[in-house]
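Structure assessment
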Amino acid sequence: MDSTKIALFKGQKIRRTIYQNKWWFVIVDVISALTDSIQPDGYIKDMRRRDSELSKGWGQIATPLSINTKGGVQKLNCANLQGI
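Residues numbered from 1 in each chain as written. Predicted model: local features only at pLDDT ≥ 70, side-chain atom pairs only at ≥ 80, totals over all residues. Heavy atoms only, no water.

1. Description of the overall build of the chain
- Along the chain, the regular secondary structure elements total three helices and five strands.
- When the 84 residues of the chain are sorted by exposure, 35% land in the buried category.
- Partitioning the contacts of the chain with sequence separation of at least 6, the portion at a separation of at least 24 is 32%. (Helix = DSSP H or I, 4+ residues; strand = E, 2+ residues; numbered from the N terminus. Buried < 20%, exposed > 50% of the residue type's maximum accessible area, 1.4 Å probe, protein only. Contact = heavy atoms within 4.5 Å.)

Shown next, in the form of structure tokens:
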């Protein structure tokens, strides 16, 4: 079974993978789909800078997982449904 798939949300692709028997979603893809931000990485940095609790708990929300990208397999920050 292929453990990496692409989900669609509002017509935008969200990369995901199965880890520990749960779906994990690439955080930057989710932020991009929800905010229509042209720089979702910057959006995430701003959120973490403005919200100290989010920044403090980021390591519990974001888990770097191997994801297929155009440039090959890379570790990207992912979160499960609870984290999202």
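2. Digging into the pattern of salt bridges
- Under the counting rule described, the total for this entry stands at three salt bridges.
- For R49, the salt bridge goes to D46, with nearest N and O atoms at 2.8 Å. Remark: D46 and R49 occur in helix α2 (residues 40-50); sequence separation between them is three residues, near one turn of the helix.
- Taking the relative accessible area as the measure of exposure, R49 reaches 59% and is therefore exposed.
- Judged by relative accessible area, which is 29%, D46 ranks as partly exposed. (Salt bridge = Lys/Arg side-chain N within 4 Å of Asp/Glu carboxyl O.)

3. Brief notes about the nonpolar core
- V26, I27, I44, W58, I67 and C78 are the most contacted members of the largest nonpolar core, which totals 14 residues.
- Every element with two or more residues in this core is listed here: β3 (22-26), α1 (27-35), α3 (52-61), β4 (63-69) and β5 (72-80).
- Here I67 is in contact with R15, T17, V26, G72, V73, Q74, L76 and C78, once residues within four sequence places are set aside. (Core = buried A, V, L, I, M, F, W, Y, C linked by side-chain atoms within 4.5 Å.)

4. Considering the environment of T63
- Among the secondary structure elements, T63 is positioned in strand β4.
- For the pair T63 and I27, spaced 36 residues apart in sequence, the C-alpha separation works out to 9.5 Å.
- Every residue in contact with T63, bar those within four places of it in the chain, is listed here: Y19, W24, L76, N77 and C78.

5. Concerning the environment of N68
- With respect to the secondary-structure elements, N68 resides in strand β4.
- Along the chain, N68 and R16 lie 52 residues apart, while their C-alpha atoms are 9.5 Å from each other.

6. Some thoughts on the packing of α1 against α2
- The contact between α1 and α2 brings their axes to 9 Å, and the two run at 95°. With respect to their mutual orientation, α1 and α2 come out roughly perpendicular. For the pair α1 and α2, contact is made by I27, V28, I31, S32 and T35 and by P40, D41, Y43, I44 and M47, respectively.
- Partitioning the contact of α1 with α2 into residue classes produces seven nonpolar, two polar and one charged. (Axes fitted to C-alpha atoms, helices over the stretch in contact; angles between N-to-C directions. Parallel < 35°, antiparallel > 145°, perpendicular 65-115°, else oblique. Nonpolar A, V, L, I, M, F, W, Y, C, P; charged D, E, K, R; others polar.)

7. Topic: the packing of aromatic side chains
- All told, the structure shown has one aromatic pair when counted by the stated rule.
- Relative to W24, the ring of Y19 has its centre 5.5 Å away and its plane inclined at 75°; by these criteria the two rings are edge-to-face.
- Its end group placed over the ring of W23, R16 keeps NZ or CZ at 4.0 Å from the ring centre. (Phe/Tyr/Trp six-rings, centres within 6.5 Å; stacked < 30°, edge-to-face > 60°. Lys NZ or Arg CZ within 6 Å of the ring centre and 35° of its normal.)

As far as function goes, none of this settles anything; it's purely spatial.
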